Amino acid sequence: MRLMCTVAVFAALASTGAADAVLFGFEEQGELSGFDVNTPARVDAEWASQGRCSLRIEFAQHVPGETPDFPNAACWREGIPERDWRGYRYYSFDVYAPEDDTYLGVIVQRSDERRDRMDRRYSLPKGAYRMWFNIENAVAEAGNLETVAAITEIEFFQSKPERSSVVFIDNIRLTNGFDSQAPSSEAIWIETLDELAAHPPVHEAAGPGLDAAEPLAQSPADARRQRLDALRAVARGIDARAATESLALAIDTQFSGQSYGVLVAPIEEHVFFTGQGVADSWERTLELDVLRGEARSKQLVIFPAPGRPLAGIRLSATDLRSEGGGVLGAEHVALEMVGYVNLADSAMHRFRGFTDFGWYPDPVLALDQPFAIAPPRELQPVLVTIRVPRDTPPGTYTGTIRVAPEQEAPYTVDVTLRVHGATMPVAARLPHLIHAGLEGFSPEFRLNPNNSELGDIYRWGSPVEPERIAKAVEDGMNRFNLYRISQFNLAARCGEHGEAEGMQGFLNHVCGMYPEPRMAALAERGLCDKAVFYGFDEVSVDDATWRGRIERAFGALKERYGPYGVKTATTARPWTSPGAWDLGHVE
């Protein structure tokens, strides 16, 4: 509620005070009549943030005794169109730096006493910027608005320039509206919300302490897009605060007396380790409906009170028992850590329409106990997978999972598993292609780097082993790849030796891996009808060179190994092209 109120207060404050006053727009040379300059300065049409022109100030490289120590353009006393700044919230102007690391000093003199002033100094990257100075907090002395009742000078300067440079100044004004239009306004707005939340205004003239430079938009359309991006960023920041508050509320209301909470989330939900609030789908108990021979999973989400670490966490599961006397041992309950990958901003991701980057839950890791949850991590999901043997009697099985942090009271999650009478088939009804290589096979492929039996599904160059294939088929595998054919490998051969010789060398290599005795061994075990040659993933059929290679490579393999029952498979694009469905050798 406080956050909503502070936003409303900020909006109300922005509409108070006098009408905006443009001090200098620099459309005519006469506007420089009130300025004292000791360095070349003129009204120039090379750049402008509004109108046609701006003030161009040239700063020469400092030469002791020959150039000023502090080259500047300053406007004094009556030359300033509005000297009483008490009715305004911001002193603002636009600046353009044609080169990187452009020095700019900004002074506002409150009286004739030289020390009585605001003095800011910046090093600006190349680009156009809008500068904002909160008058009460940045310009006035100690927040006393009476000290800005008679401004005596505004000044732009450099201090003993190390190199020559040019700065353009435009649209110098006093304003009450913070009409930001830049991407970095996100940070300014968040700073504003933070300050207002921590220090609510005590009178109408109070405002956030802004003193910032932000890039200017180059067009009205850019400005709208940039403001939208900034608003979305602010919304994400507010959502993150709300998420943290929801975790604290859940602990207070559902886990009274504890310093942490434990809830159960569906397996299909992404659970982030920060900025993640309690979802409506999260529950206190873990319940699953399964068939015999099936494995099902849910996530156990553990979260400490916000800002408080939780150390030495250990998890353990009990046996699951039914009223009919059935027992599903704890060894059938797998506990694994949900890991995260950092999705970085990239042209490819943006090409695919993705705009939210950062840490995403993806890999399944071994649960290395004990583990800890400490800021900035706010919670940790643990994957709970229950595997039901095919001979398990139907019924409702119950048990628990115990969460025991170090120096904290343990918490117990109730588990209910309803095993139905139907049994999962051993083999899938649809073909599932699994790559065969040196490291073996796994019909239970998962993104689990700790599963040493998985092997590398992208390995090629080694023949399959009939004994291991036969065991995998017994476990339910119904298709396997004899060799993954890479278009890049074939391109290298053909590029080095020519199309005909390169293609023949490739075919000789494959036939050397699968001579007659090896194929006979596969056929003897009844495995050939489950074998394929797969490759050329997503090759454009509109490319005559690649289409010819596909035809020759797979045509030769089909002729050689087709009599054994071996299939050939490839994918082509675009999918809507008739050629994609007209590769006669592909099945």
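Residues numbered from 1 in each chain as written. Predicted model: local features only at pLDDT ≥ 70, side-chain atom pairs only at ≥ 80, totals over all residues. Heavy atoms only, no water.

**Q** Even after reading the chapter, I still don't get the sheet that holds strand 20 (residues 358–366), so can you show me in this structure?
**A** Note on sheets: strands pair through backbone hydrogen bonds, and any given pair is parallel or antiparallel. Strand order across the open sheet formed by five strands is 13-15-22-19-20, with antiparallel pairing between neighbours. Two strands close off the open sheet at either side, each with one partner strand: strand 13 (260–266) and strand 20. In this sheet, neighbouring strand axes are inclined to one another by 30° on average, regardless of whether the strands run parallel or antiparallel. Where strand 19 (residues 333–343) meets strand 22 (residues 380–387), five bridges bridge the pair, whose relative direction is antiparallel. The residue bridging Glu336 from the neighbouring strand is Leu383, located in strand 22. (Pairing = 2+ DSSP bridges. Helix = DSSP H or I, 4+ residues; strand = E, 2+ residues; numbered from the N terminus. Axes fitted to C-alpha atoms, helices over the stretch in contact; angles between N-to-C directions.)

**Q** Mind showing me how you'd approach unusual backbone geometry here?
**A** Residues apart from glycine generally show negative phi values, whereas peptide bonds are mostly found in trans. At the junction of Gln369 and Pro370, the peptide bond is cis and its omega measures out at -5° in the coordinates. Tracing the backbone shows Pro370 in the loop between strand 20 and strand 21 (371–373). Here the bond from Pro375 into Pro376 is cis, since omega is 10°, no more than 30 degrees from zero. Residue position: Pro376 is located in the loop between strand 21 and strand 22. Phi is positive for Asn171, close to 55°, though the residue is something other than glycine.

**Q** Just to check I follow, could you spell out helix 9 (residues 516–524) for this structure?
**A** An α-helical turn contains 3.6 residues, so a residue and the one three or four places further along point in the same direction. Three or more residues of helix 9 are buried, namely Met519, Ala521 and Leu522. Taken around the axis of helix 9, the buried residues stretch over an arc of 155°, which confines them to a single face. Residues Pro517 and Glu524 are exposed on helix 9 and point more than 90 degrees away from its buried face. Those residues of helix 9 that are buried are in contact with helix 6 (466–474), strand 26 (479–485) and helix 10 (544–561). Of the residues trailing helix 9, Gly526 is marked for its positive phi of about 70°. (Buried < 20%, exposed > 50% of the residue type's maximum accessible area, 1.4 Å probe, protein only. Arc of directions from axis to C-beta. Contact = heavy atoms within 4.5 Å.)

**Q** For this particular structure, what's the right way to read the packing of helix 8 (residues 499–513) against helix 10?
**A** The angle between the axes and the distance between the axes are what describe a pair of packed helices. Taken N-terminus to C-terminus, the directions of helix 8 and helix 10 make an angle of 35°; their axes are 11 Å apart at the nearest point. Between helix 8 and helix 10 lies a crossing of right-handed hand. Taken together, the residues of helix 10 that come into contact with helix 8 (itself represented by Glu499, Met503, Phe506, Leu507, Val510 and Cys511) are Thr545, Arg549, Arg552, Ala553, Ala556, Leu557, Arg560 and Tyr561. Of the residues that constitute the contact of helix 8 with helix 10, the class distribution is nine nonpolar, one polar and four charged. (Left-handed = near helix turned anticlockwise from the far one by under 90°. Nonpolar A, V, L, I, M, F, W, Y, C, P; charged D, E, K, R; others polar.)

**Q** In this structure, what is going on with the side chain of Gln380? I would like to understand it.
**A** Tracing the chain through its elements places Gln380 in strand 22. Exposure remark for Gln380: the relative accessible area of 5% places this residue in the buried category. Within the structure, the side chain of Gln380 is placed 2.8 Å from the side chain of Arg377, a separation counted as a polar contact. If sequence neighbours within four positions are ignored, Gln380 has contacts with Leu300, Val301, Ile302, Met337, Val338, Tyr340, Phe371 and Ile373. (Polar contact = N/O pair within 3.5 Å; in protein donor to acceptor, adjacent residues only side chain to side chain.)

**Q** Can you help me understand the confidence of the model for the chain in this one?
**A** Here the chain averages 80 in pLDDT, while 76% of its residues score no lower than 70. Looking across the chain, the model is least confident in helix 1 (residues 2–13), with a mean pLDDT of 26, and most confident in strand 23 (residues 395–404), with 98. Every residue in residues 1–16 scores below 50 in pLDDT, and together they form 24 contacts with partners more than four places removed in sequence or on other chains. (pLDDT = per-residue confidence, 0-100.)

**Q** Sorry, what's going on with the side chain of Thr147 here?
**A** Examined against the element boundaries, Thr147 turns out to sit in the loop between helix 2 (135–139) and strand 10 (153–157). Separated by 2.6 Å, the side chain of Thr147 and the backbone oxygen of Asn144 make a polar contact. With residues near it in sequence (within four places) discarded, Thr147 still touches Arg110, Ala140 and Glu141.

**Q** I keep staring at the pairing of strand 22 and nothing clicks. Help me out?
**A** Here is the key point about a regular strand: its side chains alternate between the two faces of the sheet. Counting buried residues along strand 22, seven of its eight residues qualify, which places the element largely inside the surrounding structure. One ladder, built from eight bridges, connects strand 15 (residues 295–304) with strand 22; its direction is antiparallel. Its bridge partner being in strand 22, Ile302 is matched across the sheet by Gln380.

**Q** Before we go on, may I ask you to explain the pattern of salt bridges in this structure?
**A** Note on pairing: side chains with opposite charge can pair once their charged atoms come close. Evaluation of the coordinates by the stated rule reveals 26 salt bridges. For Arg418, the salt bridge goes to Glu287, with nearest N and O atoms at 3.3 Å. With a gap of 131 residues between them, Arg418 in strand 24 (residues 411–423) and Glu287 in strand 14 (residues 286–292) connect regions that are remote in the sequence. Look at Glu287 and you get partly exposed, because its relative accessible area is 31%. The partner of Arg552 in a salt bridge is Glu499, and the shortest N-O contact between them spans 3.0 Å. Placement of the pair is Arg552 in helix 10 and Glu499 in helix 8, with a sequence separation of 53 residues. In this structure Glu499 comes out as partly exposed when scored by relative accessible area, which is 31%. The structure contains a network of salt bridges with shared partners spanning Arg42, Asp44, Glu46, Arg56 and Glu58. (Salt bridge = Lys/Arg side-chain N within 4 Å of Asp/Glu carboxyl O.)

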